[in-house]
Amino acid sequence: MIAETYVTQIVKKIRCSRKKRREIHRQILADITSAMQQGDSLEKVMLRMGEPVAIAEAFNESLPERERRIYKRGIVLKAAAVLAAVLVILILLAGWFVPRGYAIGSNGVYDADEVERQAKEIIRLLDAEDYDTLLARSTPQMQKVLTKEIIDDAKAQTGVNEDWGRLLEFGKCYMQEVKQQGKTLAVAQITAAYEHAWGTYTVFFDKDMLLAGIYIK
């Protein structure tokens, strides 16, 4: 149990994909078990290996660039998901805050074709890791969320998206306008099929078609 805790402390600080973390976890446990079978105590093995932070940094320095890209993508998506969750909570705070839903375009604010096109474009920008363009097309609130401090906080969250592979196609896009307290948002939900996975995106736009939130599951 102590060995498992020790290894977990190491692995959770390694900036790579979930798959690579599992591989490293097994590798370190196997090394510890082998040393103990040769007569070393667990305490002696851990003392020789060093502090978890130092071990994790050594792994981070030797990781291939592909693993770094996968990790970075997962962190940004995680931060964006946190933003979307905060947005939903704020919208649903109390009775008169509850938003009213309308068919897209019914208030003359949004065009359905444009909302769908921009939602797909946001997804493509995420896949391309073009965060500069994403920030330029986001609301000031969204830009504040995607700061280094918030992203660092998201790193502590458990789980990182693995490589989904190349985007193959989009499914049907479902859209709605949401209005509350005089403010209107367009909400687009669309499923995207990838080589190794699929994801459902919920994208929020303000009246100026700036990205106001995103949720991925």
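If you're wondering where the values come from, they're calculated on a predicted model, not measured in any experiment. (Residues numbered from 1 in each chain as written. Predicted model: local features only at pLDDT ≥ 70, side-chain atom pairs only at ≥ 80, totals over all residues. Heavy atoms only, no water.)

Draft legend 1. Summary view of the confidence of the model for the protein chain. Looking at the protein chain, the pLDDT average stands at 75 and 74% of residues meet or exceed 70. Here residues 151-161 scores under 50 on pLDDT; set against residues more than four positions off or in separate chains, the count is 21 contacts. (pLDDT = per-residue confidence, 0-100. Contact = heavy atoms within 4.5 Å.)

Draft legend 2. Region of the structure containing the pattern of salt bridges. Within the structure shown, the criterion is met by five salt bridges. For Asp-40, the salt bridge identified is with Lys-44, shortest N-O distance 3.7 Å. Of the residues examined, Lys-44 reaches a relative accessible area of 48% and is grouped as partly exposed. As a salt-bridge pair, Glu-116 and Lys-120 come within 3.1 Å of each other at their nearest N and O atoms. One end of the pair is Glu-116 and the other is Lys-120, both in helix α6 (residues 112-127) and four residues apart, which spans about a single turn. The class for Glu-116 is partly exposed, based on a relative accessible area of 23%. (Salt bridge = Lys/Arg side-chain N within 4 Å of Asp/Glu carboxyl O. Buried < 20%, exposed > 50% of the residue type's maximum accessible area, 1.4 Å probe, protein only. Helix = DSSP H or I, 4+ residues; strand = E, 2+ residues; numbered from the N terminus.)

Draft legend 3. Here's a closer look at the packing of helix α1 (residues 2-11) against helix α4 (residues 52-62). Between α1 and α4, the shortest axis-to-axis distance is 8 Å and the interhelical angle comes to 45°. In terms of orientation, α1 lies oblique with respect to α4. Crossing hand, α1 versus α4: right-handed. Contacts between α1 and α4 involve Tyr-6, Gln-9 and Ile-10 on the former and, on the latter, Pro-52, Ile-55 and Ala-56. (Axes fitted to C-alpha atoms, helices over the stretch in contact; angles between N-to-C directions. Parallel < 35°, antiparallel > 145°, perpendicular 65-115°, else oblique. Left-handed = near helix turned anticlockwise from the far one by under 90°.)

Draft legend 4. Highlighting the side chain of Thr-202. You can see Thr-202 is positioned in strand β4 (residues 198-205). Those residues in contact with Thr-202, other than ones at most four positions away along the chain, are Val-187, Ala-188, Gln-189, Gly-213, Ile-214 and Tyr-215.

Draft legend 5. Local environment of the packing of aromatic side chains. Counted by the stated rule, this structure contains zero aromatic pairs. Sitting over the ring of Tyr-174, Lys-172 keeps its end group 5.7 Å from the ring centre. (Phe/Tyr/Trp six-rings, centres within 6.5 Å; stacked < 30°, edge-to-face > 60°. Lys NZ or Arg CZ within 6 Å of the ring centre and 35° of its normal.)

Draft legend 6. Structural detail: unusual backbone geometry. Although it is not a glycine, Met-209 sits at a positive phi angle of roughly 60°. Checked against the element boundaries, Met-209 lands in the loop between β4 and β5 (211-216). With relative accessibility at 15%, the residue Met-209 sits in the buried group.

Draft legend 7. Molecular detail of α1. Looking at α1, one finds that the buried residues are Ala-3, Tyr-6, Val-7, Ile-10 and Val-11. Down the axis of α1, the buried set is contained in an arc of 130°. They therefore lie on one face. If you follow the buried residues of α1, they end up packed against α2 (18-37), α3 (42-49) and α4. (Arc of directions from axis to C-beta.)

Draft legend 8. Expanded view of α6. Over its 16 residues, α6 extends 23 Å from the first C-alpha to the last, a length consistent with the 22 Å expected when each residue adds 1.5 Å. Those residues of α6 not exposed but buried are Val-115, Gln-118, Ala-119, Lys-120, Ile-122, Ile-123, Leu-125 and Leu-126. Of the residues that open α6, the one with a side-chain oxygen 3.2 Å from the backbone nitrogen of Asp-113 is Asp-111. Immediately downstream of α6, the backbone of Glu-129 shows phi near 60°, a positive value. (Expected span 1.5 Å × (residues − 1). Polar contact = N/O pair within 3.5 Å; in protein donor to acceptor, adjacent residues only side chain to side chain.)

Draft legend 9. Structural detail: the environment of Leu-29. Checked against the element boundaries, Leu-29 lands in helix α2. Assessed through its relative accessible area of 22%, Leu-29 is described here as partly exposed. Between the C-alpha atom of Leu-29 and that of Ala-3, which follows or precedes it by 26 residues, the distance is 7.4 Å. What Leu-29 contacts, discounting residues up to four positions off in sequence, is Ala-3, Glu-4 and Val-7.

Draft legend 10. Focus on the nonpolar core. Counting residues in hydrophobic clusters, the biggest one holds 26 residues, and the most contacted among them are Val-115, Ile-122, Tyr-201, Val-203, Phe-205 and Ile-214. With residues near it in sequence (within four places) discarded, Ile-122 still touches Leu-134, Val-203, Phe-205, Leu-211 and Ile-214. Ala-3, Ala-35, Ile-55 and Leu-63 belong to the second-largest nonpolar core, a separate cluster that totals 18 residues. (Core = buried A, V, L, I, M, F, W, Y, C linked by side-chain atoms within 4.5 Å.)

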